[in-house]
Every structure is written in C-alpha cells, then in structure tokens.
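# A closer look at the structure
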Amino acid sequence: MTIDINGLAVDYIDQGQGPTILLLHGWAAPIEAYRRIIDKLSVKYRVLVPQMPGSGKTPEPPAPMTIEDYVSFTAAFCRAVGVEECILMGHSNGGRVILSLLARQDPPVRCKKVVLVDSAGVLPKRPASYYVKVYSYKLARRLANNRLTRPLFGGVYESMRQKRGSADYRNASEVMKKTLVNLVNLDLTPLMPQVRQNVLLIWGDQDQDTPLWAGKTMEEKLPESGLAVIQNAGHFPFADNWPQFSAVLDAFL
C-alpha cells in the first residue's frame with residue numbers, strides 16, 4: 001500500500017483489526033523483514049508499519065533528515081491513517097524515533113505501552129583509536145582540498161574516504177549519508193527520564209550494533225521500563241531466537 005506523506009509516496013503495511021500497534025523499522029531495513037512480527041500481532045491488533053523515507057520502496061527525502069524530521073514524518077503518517085492512540089514498537093533507529101517522539105511535551109499520539117527492540121539512542125563507547133582515525137581523516141580532507149597539497153594527499157584522502165564509516169554509511173546515497181550522520185551522534189539519554197510509558201526493552205545478548213550495555217543504560221534511565229534479554233541473538237533477535245522473542249512479546253502485550 002502507498003500513501004502520500006509530505007509529497008512522498010510512502011510504502012506501508014496495514015494489517016489486522018483491533019487496537020493499533022505502530023511499528024517503526026530499523027535503519028534502511030525493508031518492512032517485510034518484520035513479517036513474522038506483523039503476522040503474529042495482526043491476529044489481535046491492527047499493525048501499521050510505514051517504510052521511512054529513503055528505505056525500501058519509499059523514495060528518498062529531498063534533503064537530509066534530522067530526528068525531528070523523523071518525528072514529524074511519523075506524526076504526519078499517524079494523521080493520514082487516522083491513528084490517535086496506539087502501542088508503539090520500534091527496532092534500532094525506529095526506537096530512536098520513538099524515544100524522541102515520546103519526550104515531546106505534546107506527543108502526536110497517545111500511548112501507554114512501548115516496545116523497543118535493540119534500540120538506538122545511547123552513544124557508543126569509543127576507544128582512543130576511533131578519535132585518532134577521525135582526526136586523521138579530517139586532516140587528510142583538509143590537505144586534499146588545499147591547492148598546494150592536493151597532489152600529495154588527494155589519493156590518500158580518497159582511499160580513506162572509501163573505507164570510512166559503517167556498511168550502512170558506505171551503501172547510502174549522499175542524502176542518506178548526511179541523514180545517518182545527523183542521527184548516529186545523538187545522545188538521547190537526557191530525554192529518557194521524560195518518557196513515562198511502560199517500556200519493554202528486548203535485546204539480543206550478542207548484539208554488536210547496539211550492545212547489551214546500551215539496553216541496560218536505557219533500563220536505568222527510563223522510569224517505567226524492564227529489560228528482557230534474548231539468548232543467542234544479535235541485532236535482530238526476532239530472527240535469531242523467535243520462540244523466546246515471541247514469548248516475551250506475549251507476556252508484555
């Protein structure tokens with residue numbers, strides 16, 4: 001299904017009947033990757049899953065997005081499909097959007113329950129070597145852009161540029177690269193005490209993208225939260241250990 005949101009033809013899933021669950025996917029993940037969750041929940045709920053701009057079948061935004069743009073997009077989608085109250089569920093970057101949305105003084109939807117799955121929102125712990133690489137890259141870029149030093153450092157900078165960043169960053173377009181930069185350095189922990197909903201945190205114990213310690217940090221910061229750890233699972237615990245993931249979800253909902 002598609003719907004016009006701010007001039008973009010947004011792909012989305014609307015499945016089932018009953019109380020509404022709004023599911024926000026992770027960075028660049030196609031909404032069909034959540035099919036098992038959607039099929040399970042739609043037996044008792046109306047499950048809405050919008051494909052965010054620049055991922056799946058939804059076109060890229062005309063300019064890089066900020067977290068506020070994602071919150072505004074989510075609010076516009078809810079208005080378009082007639083949702084005023086729902087259970088919110090977010091995976092990875094979708095969790096980051098939900099945390100930002102709920103920390104608003106006037107959230108665009110009413111919500112009592114939240115499920116965050118391996119959510120983003122806590123800054124990663126970075127070793128000193130990370131900052132050495134960052135400053136080396138910035139120095140190489142400056143030298144490559146200087147007319148006098150470009151012949152010596154242009155190739156060095158280009159090689160560093162090709163290797164820089166995560167696979168998500170390297171595979172993204174320029175608009176989405178700038179969007180990713182706008183998101184990954186956000187620290188949402190100061191906002192978390194403002195979130196008063198009941199929050200279930202589901203985390204894979206082997207997650208390397210948003211490690212388990214980040215989930216424990218969220219449990220400390222979110223006043224009404226509990227952490228369920230999925231065994232032998234990574235960043236997509238619903239794919240790695242569906243029986244435990246499904247049972248935890250049932251117990252909460």
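Now for a description of the structure that goes with this document. Every value quoted in this text rests on a predicted model; they were computed, and no experiment measured them.

### Digging into unusual backbone geometry
Keep in mind that most residues, glycine aside, have a negative phi and that most peptide bonds are trans. Phi at Asn 6 is positive, roughly 55°, even though this residue is not glycine. Within the element layout of this structure, Asn 6 appears in the loop between β1 (2-5) and β2 (8-15). Relative accessible area serves as the criterion here: at 63%, Asn 6 is assigned to the exposed category. Non-glycine residue Asn 232 carries a positive phi angle of around 55°. Position of Asn 232 relative to the elements: it lies in the loop between β8 (225-230) and α9 (237-240). Overall, the relative accessible area of 64% leaves Asn 232 in the exposed class.

### Digging into the pattern of salt bridges
On inspection of all chains with the given rule, the structure shows 7 salt bridges. The residue Lys 40 makes a salt bridge to Asp 250 at a minimum N-O spacing of 2.8 Å. A residue pair is termed long-range when its members are at least 10 positions apart, and Lys 40 in helix α1 (residues 35-41) and Asp 250 in helix α10 (residues 242-252) qualify at 210 residues. Glu 68 is the partner of Arg 104 in a salt bridge, and the nearest nitrogen-oxygen pair spans 3.0 Å. Residue Arg 104 is found in the loop between α3 (93-102) and β6 (113-117), and its partner Glu 68 is found in helix α2 (residues 67-81); the two are separated by 36 residues along the sequence. Arg 104 gets classed as partly exposed once you look at its relative accessible area, which sits at 29%.

### Section: α10
Of the positions making up α10, those classed as buried are Trp 242, Phe 245, Ser 246, Val 248, Leu 249 and Phe 252. The buried residues of α10 all sit within an arc of 160° when viewed along its axis, so they share a single face. For α10, the exposed residues set more than 90 degrees away from the buried face come down to Pro 243 and Ala 251. Where α10 is buried, its residues contact α1, β5 (87-91), β6, β7 (198-204), β8 and α9.

Rules used throughout
Residues numbered from 1 in each chain as written. Predicted model: local features only at pLDDT ≥ 70, side-chain atom pairs only at ≥ 80, totals over all residues. Heavy atoms only, no water. Helix = DSSP H or I, 4+ residues; strand = E, 2+ residues; numbered from the N terminus. Buried < 20%, exposed > 50% of the residue type's maximum accessible area, 1.4 Å probe, protein only. Salt bridge = Lys/Arg side-chain N within 4 Å of Asp/Glu carboxyl O. Arc of directions from axis to C-beta. Contact = heavy atoms within 4.5 Å.

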